[in-house]
Amino acid sequence: MTLKKLAGKIHLWLGLGSGLIVFMVAITGCLYAFQAEIQEATEPFRFVKPQQQPVLPPSQLGRIADSVMPGKHITALLYGKPGTAAQAMYWKYEAYYDLVFLDPYTGAVQQVKDMKHSFFPWILEGHEFLWLPEKIGRPIVATATLLFAALLISGLYLWWPRNKNGRRQRFSIKWNARWRRRNYDLHNVLGFYILTVGLILAITGLVFGFEWFAKGAYYGLTGGKEMVPYFDMGSDTTAISEHTIPPVDQVYLHMRKAFPQAENIQLYYPQNEASAIDANANPDASTYWKVDYTYWDQHTLNEIPSRHLWKRFREANAGDMLMRMAYDIHIGAIWGLWGKVLVFCTSLVVASLPVTGFLIWWGRRNKHKKKGTRKWSLRLRRKHIKEKVEKA
């Protein structure tokens, strides 16, 4: 067996084994690509009329949100750009995920939305773990993503032309040819054109899919440093708390002063006496990689230096930057609207590759069967003629 035949066999069986999962992941990726723009266009409660007055403090907005969410305590509060509603988040792992949209100037509740059972969070669950339990679905999706990366590389080897004449034919689709040839060109030509972006999507997806992959990439980029995941920085419970202004309000005022150009400021409320107050400032609401992550002792109000992955932007090393940028690269937001268009089109082509690849395999399989049937029919005819001659 030649190397090219071996590569073809590997490409075939990897494709058949992972094709359906790759198709599902790619289609859900397409549907999720413009979720921010679609939600802003279809959900007017995300916006408010800007006013020439200060917004209400997080302690007051938190109490208002809690009043419409009985039995739950606010997790975080997001202040957006002027003219956008504040978002109070209620989240508990695999239990619930709700958002309360508030007018930050008046405190009026504009909408309570169950995000766990909404369309785009549901699509994201399919994209990340195929609507299975996360511990089961995430490794399945990550494994299929890894196989897809191998398929792209083996596909490039199989596609690579042997000479200049072959090269000319490999870059275009023969639309006037028979459907099998068109399907063959759609698989090979489109697969080549999305190769680079497809690999980028696969690699950034693996950062979220496999912990060993993320840690390995971080180790390599930082020259041997260990990736420390997020953990609660904690507060000094022995300190005496005597605050006339609630701690979350004081942290918010400090963040607003320290980051006057921030489009988003988000505060995570302490869930117990030992928790820290997490406060994030984002200068660009359309991406996440430039966020400054800070942590505050709820009793002393001293800033706590970060000892894990998420820290101030200026303190981020190469490994931190990969973790920060992975999501924005994966959805194309790092390149703006046209980046999202590119990722959408790439995902659409990726979804088509298992379909066109399966049709190529199915067509060849049936072709071989027909050849075998013809050969057998010819043998029977020869045998029948021979028997007639012998009888005569």
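This is a predicted model, so every value here is computed, not measured. (Residues numbered from 1 in each chain as written. Predicted model: local features only at pLDDT ≥ 70, side-chain atom pairs only at ≥ 80, totals over all residues. Heavy atoms only, no water.)

Asks: Teacher, can you tell me more about the packing of helix α9 (residues 211–221) against helix α11 (residues 318–331) here?
Replies: Axes are the key here: two packed helices are described by the angle between their axes and the distance separating the axes. Two elements in contact, α9 and α11, have axes separated by 7 Å at closest approach and are oriented at 140°. Taken together, the axes of α9 and α11 lie oblique to each other. Judged by residue contacts, A214, A217, Y218 and L221 of α9 engage A318, G319, D320, L322 and M323 from α11. Of the residues contributing to the contact of α9 with α11, the split by class is seven nonpolar, one polar and one charged. (Axes fitted to C-alpha atoms, helices over the stretch in contact; angles between N-to-C directions. Helix = DSSP H or I, 4+ residues; strand = E, 2+ residues; numbered from the N terminus. Parallel < 35°, antiparallel > 145°, perpendicular 65-115°, else oblique. Contact = heavy atoms within 4.5 Å. Nonpolar A, V, L, I, M, F, W, Y, C, P; charged D, E, K, R; others polar.)

Asks: Would you mind going over the pattern of salt bridges with me for this structure?
Replies: A side chain of one charge can pair with a side chain of the opposite charge if their charged atoms are brought near each other. For the structure on display, the rule yields 10 salt bridges. Here E43 ties to K113 by a salt bridge, and the two come within 2.3 Å at their closest N and O atoms. Of this pair, E43 sits in the loop between α2 (35–42) and α3 (58–67) while K113 sits in strand β4 (residues 109–114), and the two are 70 residues apart along the sequence. Overlapping salt bridges, with partners in common, bring together E43, R46 and K113 in one network. (Salt bridge = Lys/Arg side-chain N within 4 Å of Asp/Glu carboxyl O.)

Asks: Would you mind going over the sheet that holds strand β3 (residues 96–102) with me for this structure?
Replies: Sheet strands associate in pairs through backbone hydrogen bonding, adopting either a parallel or an antiparallel arrangement. Within the open sheet, the seven strands sit side by side as β4-β3-β2-β1-β5-β6-β7. Their pairing is antiparallel. Each edge of the sheet is formed by a strand with only one pairing partner; in this case those strands are β4 and β7 (292–297). Geometrically, the sheet is characterised by an average inter-axis angle of 15° between neighbouring strands, direction not taken into account. The sheet contact formed by strand β6 (residues 276–282) and β7 spans six bridges and is antiparallel. Looking across to β7, one finds that A281 is bridged to D292. (Pairing = 2+ DSSP bridges.)

Asks: Would you mind going over the domain arrangement of the protein with me for this structure?
Replies: Many structure descriptions define interface size as the accessible area lost when the parts assemble. Segmenting the protein into domains produces domain 1 (3–38 + 123–225 + 333–359) and domain 2 (49–104 + 233–316). Summarising the inter-unit geometry, the C-alpha centres of domain 1 and domain 2 are found 38 Å apart. Taking both sides of the interface into account, the surface hidden between domain 1 and domain 2 amounts to around 350 Å²; carbon and sulfur atoms contribute 58%. Our count for the domain 1 to domain 2 interface comes out at zero salt bridges. The interface formed by domain 1 and domain 2 holds one residue pair in polar contact (both at pLDDT 80 or more) in total. Of the residues assigned to the side of domain 1 that touches domain 2, the class counts are three nonpolar, no polar and one charged. (Domains from an automatic or database assignment. Buried area = accessible area lost by both parts, 1.4 Å probe. Polar contact = N/O pair within 3.5 Å; in protein donor to acceptor, adjacent residues only side chain to side chain.)

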